[in-house]
Amino acid sequence: RGGLYLSYAPPQRLVPMRPTDMTVLAGLACADSIGLALARVGVEAPFVRLKWPNDVLLRDGKVAGVLGQSKSPAAATGRPARTVVGIGINVNTPIVFPRLAEGLGAQPIPPVSMREAAGAPVPLEPLLVDIVKGLVLRLEVGLGRKVLEEYKAVAELVIKALASAGKGASVS
């Protein structure tokens, strides 16, 4: 089987006050779950990270995308009346991605599948369970200082990896 594609509408009590937090929190839950799934199939220290705010990268490719959508706030709570997050993950999907011809601008981040990283099929069901559990946990905690510090730490690791490869980057 190929990819994992899902929409999740959290209960109202878990909907963040800022609608944009939903996408970031879902992206972090997705990255955590992908790393866990790859570790379960024997990939040592999978390099999974969030490309703020909604792309999940595996090594040098895009393995997943996250998109949140919400309706205007409900008068009683101030929270969005309805919020849905969509997640798409290249799990066992075969990837064919041609490079753009020279002179057509910057190359997009190429897609990658979890199967490519693992060298074997990755089970979908445990990944789905981990994503939903992780998303609920992330929504309960919210996007606070700890999450931002976590992201900064990961970003610094990415910068060090790029520097060792002779490429420059910065975090702002």
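Details of the structure are given in the entry above.
Residues numbered from 1 in each chain as written. Predicted model: local features only at pLDDT ≥ 70, side-chain atom pairs only at ≥ 80, totals over all residues. Heavy atoms only, no water.

Asker: How would you explain the environment of Gly-65 if you had to name every residue and give the values?
Answerer: Within the secondary structure, Gly-65 sits in strand E4 (residues 61-70). Sequence separation of Gly-65 and Ile-87 is 22 residues, and the distance between their C-alpha atoms is 5.9 Å. (Helix = DSSP H or I, 4+ residues; strand = E, 2+ residues; numbered from the N terminus.)

Asker: Describe the nonpolar core, with residues and values.
Answerer: Taken as a class, soluble globular proteins show a tendency for nonpolar side chains to be buried jointly. Among the nonpolar cores identified, the biggest contains 38 residues, and Ile-34, Leu-38, Val-56, Val-63, Ile-89, Met-114 and Leu-127 are the most heavily contacted of them. Taken together, the elements giving at least two residues each to this core come down to strand E1 (4-8), helix H1 (19-40), strand E2 (48-51), strand E3 (55-58), E4, strand E5 (83-89), helix H2 (114-118) and helix H3 (124-141). For this core, the element with the highest residue contribution is H1, accounting for eleven residues. If we skip the residues at most four places from it in the chain, Met-114 touches Ile-34, Ala-37, Leu-38, Leu-58, Val-63, Ile-89, Asn-90, Val-91, Val-122 and Leu-127. (Core = buried A, V, L, I, M, F, W, Y, C linked by side-chain atoms within 4.5 Å. Buried < 20%, exposed > 50% of the residue type's maximum accessible area, 1.4 Å probe, protein only. Contact = heavy atoms within 4.5 Å.)

Asker: Give me the pairing of E3: which residues, what numbers.
Answerer: Alternating positions in E3 separate into two faces, Asp-55 and Leu-57 on one and Val-56 and Leu-58 on the other, with burial throughout. Sheet topology note: the E2/E3 ladder contains four bridges and is antiparallel. When the bridges of E3 are listed, Leu-50 appears paired with Val-56. The turn joining E2 and E3, which pair antiparallel and follow one another in sequence, is formed by three residues. (Pairing = 2+ DSSP bridges.)

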